[in-house]
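# Structural characterization, general
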Number of protein chains: 2
Amino acid sequence: MTRFNSVVTVNGITLWEEVPALGTVGIKEVARRAGVSPGTVSNVLNRPERVAAATRARVEEAIREMGFVRNGSAATLRAGQSRAIGLVVLDVGNPFFVAVARGVEDVVSDRDHAVILCNSGESPEREARNLRVLAEQRVRGLLITPTDEDLSRLDLLRERGVAVVLVDHFATGDVCSVAVDDVAGGNLAVAHLLDRGARRLAYVTGPLAIRQCADRRKGARRALRAAGLPARALEDIVVPEMNANGGGLAAEKLLAGDLPDAIFCANDLLALGVLRALSQAGVRVPDDVALIGYDDIEFSSAAAVPLSSIRQPTYQLGKIATELLLDECDDPGGHAHQQIMFQPELVVRESSR
Amino acid sequence: MTRFNSVVTVNGITLWEEVPALGTVGIKEVARRAGVSPGTVSNVLNRPERVAAATRARVEEAIREMGFVRNGSAATLRAGQSRAIGLVVLDVGNPFFVAVARGVEDVVSDRDHAVILCNSGESPEREARNLRVLAEQRVRGLLITPTDEDLSRLDLLRERGVAVVLVDHFATGDVCSVAVDDVAGGNLAVAHLLDRGARRLAYVTGPLAIRQCADRRKGARRALRAAGLPARALEDIVVPEMNANGGGLAAEKLLAGDLPDAIFCANDLLALGVLRALSQAGVRVPDDVALIGYDDIEFSSAAAVPLSSIRQPTYQLGKIATELLLDECDDPGGHAHQQIMFQPELVVRESSR
DNA sequence: AGGGCTTGTTGACACGTTTTAATTCAGTCG
DNA sequence: CGACTGAATTAAAACGTGTCAACAAGCCCT
């Protein structure tokens, strides 16, 4: 341990004082200053009730004076796991996930844990990279919206006893999940468009390998069937990115052919992109074509034409998922896996009136 | 080290095989399997060029077979610092910071590091809590948009030799910073509104303790002066939150009195909130009142009335800041602190035409 | 043949914390 | 007065990795 010696003059008497280099103040130095053993300092930090009040005060004083900051990696190494959980989302730029993350963070910080937020960007490779980092960090638990149906990538963590909760992804059996019924949401959206009189529709979506996209489509088709319409009344427009840019691309495709009566977008960012592109091309919403999005993000109501949408309980989603996760972490034995399914809600605004 | 013994039957012969419990595969077990010393495995992981090709192949094989995952905390403990940097932003819900975070992440993952993203929510207390966690995690460096002018909270990290770069906050002297000229931006916005004929203006902003808010105001006043108008031609409307909600609050205040000719908002979220509230009250933008925001987020162009705004090079901001930070980390001695200042750009749309 | 290289590999220790069992000590009861 | 109890504290042993000095082996050159 490197040390600096400093000269201190008190009342005319010169003292040599051993001063630890900053960043070098460990539990040992604190212990020496407080005149106790390292074990006691550790107890003050982790189980203060086991330490006599006077001793505790002395130790806390020493901690303050020396600017001691506990070394998290040492604690993690010793414990075998950290006090952090991983959160892997499909797109940090999507307000849906931002809201989920808020719910997560509120619960987690109440319980004195930390969140490591990762972005898979809908790419399985990036997802795998993120999971590796989280495994290396020995996170206690994992919240993830998987990029595809293949959950085997999660085994890297699960084999090591890390609790996992799937977010916005319904699972069966041996894992917890918290989801919103996307089939119901798709049904809601398209049933509403049909009510309004639409007969030829388009579904603007990201890759159908993304379960949310596929389920919303399934619900949409169910609504068609219920109205006695054939599946071909709904044309799929698949774009690579689920953001405003992707929406622009979809609009180009739509404008190239006969416009449908109504457009259902797999999320609001796509819908905003479609709306912008259609407006620029002189198409009026909802007069020429009705439009509905999904997620009901904050911006939808402030859009050029306030956007109809399907609202999901996002904050709740993050909150419940985290509670489930931490419960499993705290009592892995007595934990029964649960699959929770929320119901979405239709919000009608100008764009489909 | 706990182990499970498993019974394996091959060709009628029963073997006892020692199998490591999962999560218990360390560098030692890999070494034994590959018939080398732990030191060599470590070398394969960290300086592969020092290991003979044949040995390396054998070790890599063993790593794959046993599903070894390096224990990050042990590595961090040994090294004294982790391969992660901290990023503390004012509001994860704000697309401005999301864009910055994207720039950061791209650089960081190229250089094989990780980002720990923290949200201070503009609260100095939460900022302090975040900094403590980052200090405990022994991050290599810190990117932060401070909540206020008091940078002493950063000493917790800086004293420990952690490199710091301020993001979107101009600093002098002994620390790197990457910022956008907010005074110029405020000037640009208000000069434009004055050009358009406005004579009585309002400035909707978050707390003026936030430097960005104060600087944009300063720029706005400079524009007034240049046009020969008194400072009182610009009324400040201060709201606690810089989001759409805050914008709604500001609009209520404005509607309670005489409406000004034009409104300058300290960011686009505020502007969207103002726009929504004004529209609901029957006020037409830009006919009754002109409106301009700040940040030029993606949604601004898709707003009810496409929003004029001040565009900042957000992605660049994150990218350059991270490069600066990692350079300082890699060569703390030969590093000269830099203050980089970008210039913002005026984007005129419907709301101030 | 032997000295000086280079290249590859090895042990052993250190990093800072938590935890367990062991120890001390004051007080209480028989 | 000695044995016992319980509370408070301690000493020592991990946790899994990276580093570094030391060592081995093979090679070239004189």
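This is a predicted model, so every value here is computed, not measured.

### Topic: the overall build of chain A
Scanning chain A from terminus to terminus reveals 12 helices and 14 strands. Taken against the 2.2 N^0.38 rule, which gives 20 Å for 353 residues, the C-alpha radius of gyration of chain A at 27 Å runs more than 25% over that of a compact globule. For chain A, buried positions account for 52% of its 353 residues. Considering only intrachain contacts with a sequence separation of at least 6, the fraction spanning at least 24 residues in chain A is 66%.

### Observations concerning the protein's contact with DNA strand C
As a matter of local geometry, DNA strand C sits amid 22 residues, with Ile27(A), Arg78(A), Ser37(B), Thr40(B) and Thr55(B) nearest to it. The share of sugar and phosphate among atoms of DNA strand C within 4 Å of the protein is 73%. Ile27(A) is positioned with one of its backbone polar atoms (N or O) 2.5 Å from a phosphate oxygen of DNA strand C. Looking at the surface near DNA strand C, the elements that each hand over two or more residues are helix H2 (38-46) and helix H4 (72-79) of chain A together with helix H2 (38-46) and helix H4 (72-79) of chain B.

### Observations regarding a negative patch on the surface
Residue and element names in this part refer to chain B. On the surface, a cluster of negative charge is made up of Glu149, Asp150, Asp155 and Glu159. Mapping Asp150 onto the fold places it in the loop between strand E5 (141-144) and helix H7 (155-158). By relative accessible area, which is 38% here, Asp150 ends up partly exposed.

### Let's talk about helix H10 (residues 244-256) of chain A
All names here are of chain A. Over its 13 residues, H10 extends 19 Å from the first C-alpha to the last, a length consistent with the 18 Å expected when each residue adds 1.5 Å. Turning to H10, its buried residues are Ala244, Gly246, Gly247, Gly248, Ala250, Ala251 and Leu254. Buried residues in H10 make contact with strand E8 (201-205), strand E9 (234-238), strand E10 (262-265) and helix H11 (268-280).

### What to know about the environment of Pro332(A)
The residue Pro332(A) is located in the loop between helix H12 (314-330) and strand E13 (339-342) in this model. Assessed through its relative accessible area of 60%, Pro332(A) is described here as exposed.

### Describing unusual backbone geometry
Following Val285(A), the chain continues to Pro286(A) via a peptide bond in cis, the omega torsion being 5°. Phi at Asp112(A) is positive, roughly 60°, even though this residue is not glycine. Structurally, Asp112(A) can be placed in the loop between helix H5 (95-110) and strand E4 (114-119). Relative accessible area serves as the criterion here: at 54%, Asp112(A) is assigned to the exposed category. Unlike most non-glycine residues, Asp168(B) shows phi in positive territory, near 60°. On the secondary structure map, Asp168(B) appears in the loop between strand E6 (163-167) and strand E7 (176-180).

### Observations concerning the packing of aromatic side chains
Applying the stated criterion across every chain yields a total of seven aromatic pairs over all chains. Look at Phe96(A) and Phe97(A): their rings are 5.0 Å apart centre to centre, the planes differ by 85°, and that puts the pair in the edge-to-face class. In this pair, the class of Phe96(A) matches that of Phe97(A), namely buried. Taken together through their ring pairs, the aromatic side chains of Tyr203(A), Phe264(A) and Tyr294(A) make up a single cluster. In this arrangement the basic side chain of Arg216(B) is found over the ring face of Tyr294(B), its NZ or CZ atom lying 3.7 Å from the centre.

### Examining the environment of Ala163(A)
Residue and element names in this part refer to chain A. Within the element layout of this structure, Ala163 appears in strand E6 (residues 163-167). As for Ala163 and Val133, which are separated by 30 residues in sequence, their C-alpha atoms are 16 Å apart. Those residues in contact with Ala163 that sit more than four places away from it in its chain are Arg140, Gly141, Leu142, Leu325, Glu328 and Cys329.

### Digging into the relation of the copies chain B and chain A
For the match of chain B to chain A, the screw axis carries a shift of 0.0 Å, the RMSD comes to 0.1 Å, and the turn is 180°. Look at the turn and shift together and you get a two-fold axis relating the two. When each C-alpha of chain B is compared by its distance to the rotation axis, Ala304(B) comes out closest, at 1.4 Å. Both copies contact each other with a shared surface, as 100% of the interface residues of chain B are interface residues in chain A too.

### Some details on the packing of helix H8 (residues 182-195) of chain B against helix H9 (residues 211-226) of chain B
Residues and elements named next belong to chain B. The geometry of H8 relative to H9 is characterised by a closest axis approach of 6 Å and an angle of 45° between their N-to-C directions. By the angle between their directions, the pair H8 and H9 is classed as oblique. Considering how the two elements wind past one another, H8 and H9 form a crossing that is right-handed. Residue-level inspection shows Asp182, Val183, Gly186, Asn187, Val190, Ala191 and Leu194 of H8 in contact with H9, the latter providing Arg211, Gln212, Asp215, Arg216, Lys218, Gly219, Ala220, Arg222, Ala223 and Leu224. Residues of the contact of H8 with H9, tallied by class, amount to seven nonpolar, four polar and six charged.

### A short note on the protein's contact with DNA strand D
Around DNA strand D, the structure places 21 residues, and the nearest of them are Ser37(A), Thr40(A), Thr55(A), Ile27(B) and Arg78(B). Of what DNA strand D places within 4 Å of the protein, 70% of the atoms are sugar or phosphate. Elements that contribute at least two residues to the surface near DNA strand D include exactly H4 of chain A together with H2 and H4 of chain B. Broken down by class, the residue content of the surface near DNA strand D amounts to nine nonpolar, eight polar and four charged.

### Quick word on the interface of chain B and chain A
At the interface, 45 residues of chain B touch 46 residues of chain A. Approximately 3,900 Å² of surface area, both sides summed, lies buried where chain B meets chain A, with 53% of it carried by carbon and sulfur atoms. The largest per-residue losses of area from chain B upon contact with chain A belong to Val69(B), Arg160(B) and Phe299(B), which jointly make up 16% of the total buried on that side. At the boundary of chain B and chain A, one finds six salt bridges. Of the charged contacts in the structure, one is a salt bridge between Glu136(A) and Arg70(B), with a shortest N-O distance of 3.9 Å. For the pair chain B and chain A, the interface holds 17 residue pairs in polar contact (both at pLDDT 80 or more). Put simply, the parts of the chain that give the side of chain B that touches chain A at least two residues each are H4, helix H5 (95-110), strand E4 (114-119), helix H6 (124-136), helix H10 (244-256) and helix H11 (268-280) of chain B.

### A short note on the pattern of salt bridges
Counting across every chain of the model gives 41 salt bridges over all chains. With its nearest N and O atoms 2.7 Å apart, the salt bridge here joins Asp182(A) to Arg216(A). Here Asp182(A) is found in helix H8 (residues 182-195), whereas its partner Arg216(A) is found in helix H9 (residues 211-226), with 34 residues between them in sequence. Owing to a relative accessible area of 4%, Arg216(A) belongs among the buried residues under this scheme. We note a salt bridge from Asp288(B) to Arg284(B), for which the minimum N-O separation is 3.1 Å. Judged by its relative accessible area of 35%, Asp288(B) is partly exposed. Bridged by salt links that share partners, the residues Arg111(A), Arg140(A), Asp327(A) and Asp330(A) form one connected network.

Basis of the calculations
Residues numbered from 1 in each chain as written. Chains lettered and ligands numbered in written order. Predicted model: local features only at pLDDT ≥ 70, side-chain atom pairs only at ≥ 80, totals over all residues. Heavy atoms only, no water. Helix = DSSP H or I, 4+ residues; strand = E, 2+ residues; numbered from the N terminus. Rg over C-alpha atoms; globule rule 2.2 N^0.38 Å. Buried < 20%, exposed > 50% of the residue type's maximum accessible area, 1.4 Å probe, protein only. Contact = heavy atoms within 4.5 Å. Near = heavy atom within 4 Å. Polar contact = N/O pair within 3.5 Å; in protein donor to acceptor, adjacent residues only side chain to side chain. Patch = residues over 30% accessible without salt bridge, like charges linked within 9 Å, V, L, I, M, F, W, Y side chains within 5 Å. Areas by Shrake-Rupley, 256 points an atom, 1.4 Å probe, with all protein chains shown as cover. Salt bridge = Lys/Arg side-chain N within 4 Å of Asp/Glu carboxyl O. Lys, Arg positive; Asp, Glu negative; His and termini not counted. Charge placed at Lys NZ, Arg CZ, Asp CG, Glu CD. Expected span 1.5 Å × (residues − 1). Phe/Tyr/Trp six-rings, centres within 6.5 Å; stacked < 30°, edge-to-face > 60°. Lys NZ or Arg CZ within 6 Å of the ring centre and 35° of its normal. Least-squares fit on C-alpha atoms with pLDDT ≥ 70 in both. Axes fitted to C-alpha atoms, helices over the stretch in contact; angles between N-to-C directions. Parallel < 35°, antiparallel > 145°, perpendicular 65-115°, else oblique. Left-handed = near helix turned anticlockwise from the far one by under 90°. Nonpolar A, V, L, I, M, F, W, Y, C, P; charged D, E, K, R; others polar. Buried area = accessible area lost by both parts, 1.4 Å probe.

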